[in-house]
Amino acid sequence: MSKVLITGGAGFIGNSVVDNLYKKGKHEIVVLDNFSEQIHGSNYEESYLYKNIKDKSRIIQGDVRNSLDVEKALIGVDYIIHLAAETGTGQSMYEINRYTDVNIKGTANLLEVILKNKLPIKKIILSSSRSVYGEGMYFCEEHGIVVPKSRDIDDMKSGDFEVKCPICGGKVELRNTTEECPLTPISFYAYTKFAQEKMLEVMCPTMDLPYTIFRYQNVYGAGQSLDNPYTGILSIFSKLLLKNQNLNIFEDGKESRDFVHVSDVAAITCNALENVATDYKHINVGTGEKISVMQLAKTFKKLYASDSEINISGDFRKGDIRHNIADTNRAKDLCEFKPKYTFEKGMEEFTTWVKLQNKEKGLEKSDGLFEQSIDEMKETGMLIQGRR
């Protein structure tokens, strides 16, 4: 029986990965996690995420930045699934040192421990992000496929949120982004994921260590932190709708994302462990379906039977992208990937789980964390208020 280390394995995606491997019964599972209060609350042993994995894996409370913790976790390990990271576009734009320390230094430390101890790791899998593409791929009638630059702040202040052709400044049409798209990260979080990818690309071949890099789209599902206002509009929308508070939609509500269920993400991630076809490959993980923020808000309002009003605020965050929809052909070809969850099925399941959590914990009670996150972004100049 092979042994798999999952860094950040007590987190949202890590939970589903542990569950997937546990059900297969082919691997001994080790989890290294620092049980961040932002994710797990003040008492991690009472968190939904911890309870879900405590009997399915050997858990080591430690930090990926600490060499001794990593060495301990890697004893006898055959495979690594590296999920440990700080996430969240908005927060990364003003918590620069923190994101550098965890995402970049943590990954560097993991590689150095493997190298210095000459550990016979068979493969490492990295959870990267669709954010490394920036705005992703578009089509211009004059210039063909283009990758637009960051949107102009003055345009956005005036209510023009669309991306433009980087060559002529003209209109462009969205295309599904392939893995060949040039990487143009436009948030600091995206830059740290870009850096993680490059570290593996440079170091792993010299260490004779196969890797697979997955670029996840917007991952959602049961277990997603409902108390962390810095990541995931699903959690933010849910808490506001449960309290019948109005939703202020950023930009014009037409911005869109590719929402992929966490169990589908876990399935393809675990598939890659012994799938040599994925060695040294970068693979998109999404559904290829475009869902606007307004469509999401309306779906949630109906599922929660909320009295909240949905308002277009025109506010926007620096570092946010307009759209990014995955081309998933490589995932299909190499992993026979076919998402089991449609948007409708996944969101109905997610909101059912949220309502159960609300019944047990009273999530509709205001904790002030969302308001705090908005204030932080305003104070640092990362949130721009639009014309109302």
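As the structure is a prediction and not an experimental result, all values here were calculated from the model. (Residues numbered from 1 in each chain as written. Predicted model: local features only at pLDDT ≥ 70, side-chain atom pairs only at ≥ 80, totals over all residues. Heavy atoms only, no water.)

**Some remarks on empty space enclosed by the protein**
Stage number 1. Summed over the entire model, instances satisfying the criterion amount to two cavities of 30 Å³ or more.
Stage number 2. Estimates place the volume of the second largest cavity at around 40 Å³.
Stage number 3. Considering the residues around the second largest cavity, the lining is formed by Tyr 220, Phe 259, Val 260, His 261, Thr 287, Glu 289, Ile 291, Tyr 341, Thr 342 and Phe 343.
Stage number 4. With three residues, strand 13 (residues 259–261) is the single largest residue contributor to the lining of the second largest cavity.
Stage number 5. Here the lining of the second largest cavity is composed, by residue class, of six nonpolar, three polar and one charged. (1 Å grid on protein atoms, 1.4 Å probe; cavity = no way out; pocket = protein on both sides within 12 Å on 5 of 7 lines; lining within 4 Å. Points joined across faces, edges and corners; volume = space filled by probe spheres on them. Helix = DSSP H or I, 4+ residues; strand = E, 2+ residues; numbered from the N terminus. Nonpolar A, V, L, I, M, F, W, Y, C, P; charged D, E, K, R; others polar.)

**Some details on the pattern of salt bridges**
Stage number 1. In the structure shown here, the tally under the stated rule is 25 salt bridges.
Stage number 2. Overlapping salt bridges bring together Glu 135, Arg 151, Glu 162, Glu 251, Asp 252, Glu 255 and Arg 322 as one network. (Salt bridge = Lys/Arg side-chain N within 4 Å of Asp/Glu carboxyl O.)

**Structural notes on the sheet that holds strand 2 (residues 27–33)**
Stage number 1. Pairing in this open sheet of seven strands is parallel, and the strands run 3-2-1-4-5-9-14 from one edge to the other. Both edges of this open sheet fall to strand 3 (58–61) and strand 14 (281–285), since each of them pairs with a single strand only. Neighbouring strand axes in the sheet, compared pairwise and without regard to direction, differ in orientation by 20 degrees on average.
Stage number 2. Sheet analysis places strand 1 (residues 2–7) next to strand 4 (residues 79–82), joined by four bridges and oriented parallel. Counted as the bridge partner of Thr 7 is His 82 from strand 4.
Stage number 3. Each of strand 4, strand 5 (123–129), strand 9 (211–216) and strand 14 is contacted by helix 8 (residues 188–206), which is oriented at about 160 degrees to strand 5, the strand it contacts most. (Pairing = 2+ DSSP bridges. Axes fitted to C-alpha atoms, helices over the stretch in contact; angles between N-to-C directions. Contact = heavy atoms within 4.5 Å.)

**A look at the nonpolar core**
Generally speaking, soluble globular proteins have nonpolar side chains that are buried together.
Stage number 1. One finds Ile 6, Ile 13, Val 17, Leu 21 and Ile 81 to be the most contacted residues of the largest nonpolar core, which totals 34 residues.
Stage number 2. Beyond its immediate chain neighbours, meaning those up to four positions away, Ile 13 contacts Leu 83, Tyr 216, Val 219, Val 262 and Val 265.
Stage number 3. The next biggest cluster of nonpolar side chains, apart from the first, holds 27 residues, and it includes Val 70, Ile 114, Met 199 and Ile 213. (Core = buried A, V, L, I, M, F, W, Y, C linked by side-chain atoms within 4.5 Å. Buried < 20%, exposed > 50% of the residue type's maximum accessible area, 1.4 Å probe, protein only.)

That is the geometry; function is a separate question.
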